[in-house]
Every structure is written in structure tokens, then in C-alpha cells.
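Read off the chains here:
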Amino acid sequence: MIEEEQNENDALDFESEENENEVSIRTHEKIEQNLSGEVLLMEKGYVETRLSTTYEMVADDVGLIHGGFIFSGADYAAMLAVNERNVVLVGSECQFLSPVKLHDEVKFIARVRHKEGKKRNVHVEAFVLDIKVFEGEFKTVVTERHVLRLKLLDEEGEKK
């Protein structure tokens, strides 16, 4: 019995060493992944996701995917790269480099590039096969409380 417990503990130690770079999702847990992307790989400050384009995303009768879904996938990847419970997007600068069509698989790669206090800058690239279709810089802030629960006005109703 003691030997079995020791073997189980050894196995757990091995698993934790093997997965030391992996992290669990701490933010945006209720995102509909079929609209914003599914996680392929997630490490501290880095994530890869995949968005499978569907009929719900189509903008016209030729099969063009609306850019808002590509932006959503990039935003979600940026949030996951930061992976703080109360991370919010405060700005972005991005380029749509190539159109995306129905049934394309879009791979997003997001890296935290700069961290200063509560601010995080995340670089996101998206690819269909080997073609870069999107690139952007996402500016985020980590708040102490949920953004919808922040007290932005004082008692007199004036901005803080």
C-alpha cells in the first residue's frame, strides 16, 4: 500500500515537471470558442489558438468571413496570453493583411511583449496555412476588480 502511494506520488511529480510551462485558463472562461477560437497551446505569456470559420461568420455570397470574427479571435488570443482574471482591452492597432473565407482554419499566435505595472502589450499574428492574414498590437490593463464592478465615480457622481 505504501509502495503504491509512493508510485502515485512519483507519477504526479513527473507530470508536474513535464507540464511546468503549461497554464490553465484564468480569464474569459465563458467565451464561445467556436466563435473566437479554441486553445491549441498555452504557456505563460504565449498562446496559440485556432478558429474554424463557419457559415455564421460569412459576410457575403462568395464566402468572405467578416473581419469582426478575425478581430475577436485575435482579441481572445491576446487575453489568453495575458491570462489574468480581470484583463481588459484598452486599445489596439491592427492590419487585416489577406481575406479569410468560409472553411479556412485561422491560427492565432499571441505573445506578451511588454509588461509595465498593470499594463500588458500583446503582439498577435494570424495565419491561414502559411499566409499571414492579420497582425496586431493589443494594449491591455489588468484591473483589481472586474471592469463592470469598478467604482469609476465618487459619491457626488464626479469622475475619480
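The coordinates are above.
Because the structure is a prediction, the values reported are computed rather than measured.

**Section: the overall build of the protein chain**
Broken down by element type, the protein chain carries three helices and six strands. In sequence order, the secondary structure elements of the protein chain are arranged as α-α-β-β-α-β-β-β-β. Here the contacts in the protein chain between residues at least 6 apart in sequence split such that 58% fall between residues at least 24 apart. Surface summary for the protein chain: the accessible area is close to 10,800 Å², and the carbon and sulfur share equals 50%.

**Re the pairing of strand S5 (residues 119–128)**
Counting buried positions over the ten residues of S5 gives eight, a clear majority of the element. With ten bridges joining them, strand S4 (residues 105–116) and S5 adopt antiparallel strand pairing. Bridge pairing links Val 112 to Val 122 in S5. Turn length for the S4-S5 hairpin, with the two strands adjacent in sequence and antiparallel, is two residues, and the turn residue Gly 117 shows positive phi of about 60°.

**Describing the environment of Glu 29**
By secondary structure assignment, the location of Glu 29 is in the loop between helix H1 (2–18) and helix H2 (33–36). Spatially, the C-alpha atoms of Glu 29 and Arg 85 are 9.2 Å apart, while their sequence positions differ by 56 residues. At 2.5 Å, the side chain of Glu 29 and the side chain of Arg 85 are in polar contact.

**Observations concerning the nonpolar core**
If you look at the biggest cluster of nonpolar residues, it comprises 27 residues, and the most contacted ones within it are Ile 70, Val 106, Phe 108, Val 122 and Val 124. For this core, the secondary-structure elements that each account for two or more residues are strand S2 (46–52), helix H3 (67–82), S4, S5 and strand S6 (131–142). By residue number, the principal contributor to this core is H3, which donates nine residues.

**Some details on H3**
Compared with an ideal rise of 1.5 Å per residue, which puts 16 residues at 22 Å, H3 spans 23 Å between its outermost C-alpha atoms and is within 8% of the ideal. Those residues of H3 not exposed but buried are Ile 70, Gly 73, Ala 74, Tyr 76, Ala 77, Ala 78, Met 79, Leu 80, Ala 81 and Val 82. Directly after H3, the chain includes Asn 83, whose backbone phi takes a positive value near 55°.

**Describing the side chain of Arg 120**
Along the chain, the position of Arg 120 falls in strand S5. Of the side chains bearing the opposite charge, Glu 84 lies closest to the buried Arg 120, which forms no salt bridge; the N-O distance is 4.4 Å. In this structure the side chain of Arg 120 is engaged in a polar contact, spanning 2.8 Å, whose partner is the backbone oxygen of Gly 117.

**Remarks on the packing of aromatic side chains**
Scanning the entire structure with this criterion turns up three aromatic pairs. Geometrically, the ring pair formed by Phe 71 and Phe 138 is tilted, given 5.4 Å between the ring centres and 40° between the ring planes. Residue Phe 71 is located in helix H3, and its partner Phe 138 is located in strand S6; the two are separated by 67 residues in the primary sequence. Since its relative accessible area comes to 23%, Phe 71 is described here as partly exposed. Ring centres of Phe 134 and Phe 138 lie 6.4 Å apart, and the angle between their planes is 40°; this geometry places the pair in the tilted category. Of the residues examined, Phe 134 reaches a relative accessible area of 0% and is grouped as buried. Feature note: the residues Phe 71, Phe 96, Phe 134 and Phe 138 constitute an aromatic cluster, connected by ring pairs.

How each quantity is defined
Residues numbered from 1 in each chain as written. Predicted model: local features only at pLDDT ≥ 70, side-chain atom pairs only at ≥ 80, totals over all residues. Heavy atoms only, no water. Helix = DSSP H or I, 4+ residues; strand = E, 2+ residues; numbered from the N terminus. Contact = heavy atoms within 4.5 Å. Areas by Shrake-Rupley, 256 points an atom, 1.4 Å probe, with all protein chains shown as cover. Buried < 20%, exposed > 50% of the residue type's maximum accessible area, 1.4 Å probe, protein only. Pairing = 2+ DSSP bridges. Polar contact = N/O pair within 3.5 Å; in protein donor to acceptor, adjacent residues only side chain to side chain. Core = buried A, V, L, I, M, F, W, Y, C linked by side-chain atoms within 4.5 Å. Expected span 1.5 Å × (residues − 1). Lys, Arg positive; Asp, Glu negative; His and termini not counted. Salt bridge = Lys/Arg side-chain N within 4 Å of Asp/Glu carboxyl O. Phe/Tyr/Trp six-rings, centres within 6.5 Å; stacked < 30°, edge-to-face > 60°.

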